[in-house]
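Residue-level structure breakdown
The residues making up each chain are set out below.
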Amino acid sequence: MASLSTFLRYLRLKLLVSFYRLIVRIFASPPRPRPDSVLRIPSRDKGRTIKAHLYKPSGQYAGSKGPHRVLLNFYGSGFAIPLYGADDSFCRFIATTAGYVVLDVEYRLAPEYQIPAAVHDVEDAVKYVLDRPQEYSTSQVSVSGFSSGGTLALVAPTLFPPGTFQSTIAFYPATDLARDPSVRKAPALHAKPRSPFWTRIFREAYIGTMDPRDPRISPAYADASKYPANMLVVTAELDSSALEAEDLAKKAEMEGVASGRNVVIRRMKGCGHAFDKKNADGNCVQARDEAYGLAVDMLKKVAGESG
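Residues numbered from 1 in each chain as written. Predicted model: local features only at pLDDT ≥ 70, side-chain atom pairs only at ≥ 80, totals over all residues. Heavy atoms only, no water.

Per an unreviewed UniProt entry, the protein is named Carboxylesterase NlhH, and its organism is Aspergillus lentulus.

1. A look at the pattern of salt bridges
Considering all chains together, one arrives at 23 salt bridges under this definition. A salt bridge links Glu112 to Lys14, with the nearest nitrogen and oxygen atoms 2.4 Å apart. A residue pair is termed long-range when its members are at least 10 positions apart, and Glu112 in the loop between β4 (101–105) and α3 (117–130) and Lys14 in helix α1 (residues 2–27) qualify at 98 residues. Given a relative accessible area of 28%, Glu112 falls into the partly exposed group. (Salt bridge = Lys/Arg side-chain N within 4 Å of Asp/Glu carboxyl O. Helix = DSSP H or I, 4+ residues; strand = E, 2+ residues; numbered from the N terminus. Buried < 20%, exposed > 50% of the residue type's maximum accessible area, 1.4 Å probe, protein only.)

2. Things to note about the packing of aromatic side chains
Two numbers describe a pair of aromatic rings. These are the distance of the centres and the angle of the planes. With the rule as written, the count across this model stands at 18 aromatic pairs. Ring geometry for Phe146 against Phe171: centres 4.4 Å apart, planes inclined by 10°, an arrangement best described as stacked. With Phe146 in strand β5 (residues 136–146) and Phe171 in strand β6 (residues 167–171), the pair connects residues that are 25 residues apart, well separated along the chain. Grouping residues by exposure puts Phe146 and Phe171 together as buried. Positioned over the ring face of Tyr113 is Arg108, at 5.4 Å from the centre of the ring. When the ring centre of Phe146 is taken as origin, the NZ or CZ atom of Lys277, which lies over that ring, is 4.0 Å away. (Phe/Tyr/Trp six-rings, centres within 6.5 Å; stacked < 30°, edge-to-face > 60°. Lys NZ or Arg CZ within 6 Å of the ring centre and 35° of its normal.)

3. Focus: the nonpolar core
Formed by 47 residues in total, the largest nonpolar core has its most connected members in Leu72, Leu103, Tyr136 and Tyr206. Considering each element in turn, this core owes the most residues, 7 residues, to α3. Setting aside its immediate chain neighbours within four residues, Tyr136 contacts Leu39, Leu54, Pro67, His68, Val70, Val101, Leu103, Tyr128 and Val129. Listed in part, the 28 residues of the second largest apolar core include Cys91, Val102, Leu232 and Met298. (Core = buried A, V, L, I, M, F, W, Y, C linked by side-chain atoms within 4.5 Å. Contact = heavy atoms within 4.5 Å.)

4. Comments concerning the environment of Lys269
Note on placement: Lys269 falls in the loop between β8 (262–268) and α7 (282–302). Through-space distance from the C-alpha of Lys269 to that of Ile23 is 29 Å; in sequence the pair is 246 residues apart.

5. A word on the sheet that holds β8
The strand order across the open sheet formed by 8 strands is β1-β2-β4-β3-β5-β6-β7-β8, and the pairing between neighbours is mixed. The open sheet has two edge strands, β1 (37–42) and β8, and neither has a second partner. Adjacent strand axes in the sheet meet at a mean angle of 20° when their direction is disregarded. Here strand β3 (residues 68–74) pairs with β4 via 5 bridges, running parallel. Bridging from a neighbouring strand, Val70 pairs with Val101 of β4. (Pairing = 2+ DSSP bridges. Axes fitted to C-alpha atoms, helices over the stretch in contact; angles between N-to-C directions.)

6. Things to note about a nonpolar patch on the surface
On the surface, a nonpolar cluster with roughly 570 Å² of combined accessible area is contributed by Leu4, Phe7, Leu8, Tyr10, Leu11 and Leu15. Turning to its location among the elements, Tyr10 is positioned in helix α1. For Tyr10, a relative accessible area of 32% translates into the label partly exposed. (Patch = residues over 30% accessible without salt bridge, like charges linked within 9 Å, V, L, I, M, F, W, Y side chains within 5 Å. Areas by Shrake-Rupley, 256 points an atom, 1.4 Å probe, with all protein chains shown as cover.)

7. Section: the environment of Pro157
By the secondary structure assignment, Pro157 is in the loop between α4 (148–155) and β6. Under the relative-accessibility criterion, Pro157 is labelled buried at 1%. Along the backbone, Pro157 and Ser167 are 10 residues apart, and their C-alpha atoms lie at a distance of 9.2 Å. Residues contacting Pro157, with those up to four places away along its chain left out, are Phe165, Thr168, Lys226, Tyr227 and Pro228.

8. Comments concerning the pairing of strand β7 (residues 230–236)
Where a strand is regular, its side chains alternate between the two sheet faces. The buried fraction of β7 amounts to 7 of the 7 residues, a majority that puts the element mostly inside the structure. Neither face of β7 is exposed, since Asn230, Leu232, Val234 and Ala236 on one face and Met231, Val233 and Thr235 on the opposite face are all buried. Pairing of β6 with β7 involves 5 bridges; the strand directions are parallel. Looking across to β7, one finds that Phe171 is bridged to Val234. In this region the chain leaves β6, passes through helix α5 (residues 196–207) and returns to the parallel neighbour β7; the handedness of that crossover is right-handed. Inspection of the sheet shows β7 paired to β8 by 7 bridges, in the parallel sense. Counted as the bridge partner of Val234 is Arg266 from β8. For the segment spanning β7, helix α6 (residues 242–255) and β8, crossover handedness is right-handed. (Right-handed = clockwise from strand over helix to strand, strands pointing away.)

9. Things to note about the side chain of Glu123
Tracing the backbone shows Glu123 in helix α3. Residue class for Glu123 comes out buried when judged on its relative accessible area of 15%. A distance of 3.0 Å separates the side chain of Glu123 from the side chain of Arg44, its partner in a polar contact. Setting aside chain neighbours within four positions, we find Glu123 in contact with Arg44, Leu159 and Phe160. (Polar contact = N/O pair within 3.5 Å; in protein donor to acceptor, adjacent residues only side chain to side chain.)

Following this line, the structure appears as structure tokens:
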């Protein structure tokens, strides 16, 4: 009986998420990334690999010798929508202006794969980099992510010993998946809330029956002492995930006072979730340029290079 109930629950979530995916395909152009090459990173699961788009240092950094400083990036998906490749322009920008090798890592999506599948993919991708000191400068590893990918970028440091990462960069992440979506409010009073219904569906698809306060799911409940010495958290005034993300950043800042942790919190005025993907909105384009510039500044700083 329990197995039947589990199957019916999965079927319901699969149908709902598939419907949402169809709507996204109809009304949104699919990402068309142009990486320099594609890696197949070994997974802990036998016979399976993890796809990663690789962006080489370019511009003034073209031809730089390895081992290279590296940024692992995780895309935004709501943990369920296949938008891999949407961060192509960000990855290229970092490779060109900060001189990093950027690995844009694909991770498994729900409801086909629930937690901890995505977290395992993140962990395996990081281990892949750390195991190749001849290719990557293992003392210069940073992580970044957008939306749910930003959540994963905040989870990643909690999976490894302190000092593994030089910096964590998170754009409009969700940090507390235990909080009822209907009570989440954006900083701007006039902001249109994101659909609590679909937020619940995506969360149920991703989390299943696990405790949403698990730090691998909600970094708000993680040990903030594990965060790296440098953090950038970018939020948006019209986004209902902004306040919880800022709370986490402030907590990390407070707990890192003794160690001199550098935490940069930047809220983009007049912008909503995924603002950097809205190329037709002049205000969002300006905010995107500022946000990406902040990421470059931090990455250059941790690499010992002036911005």
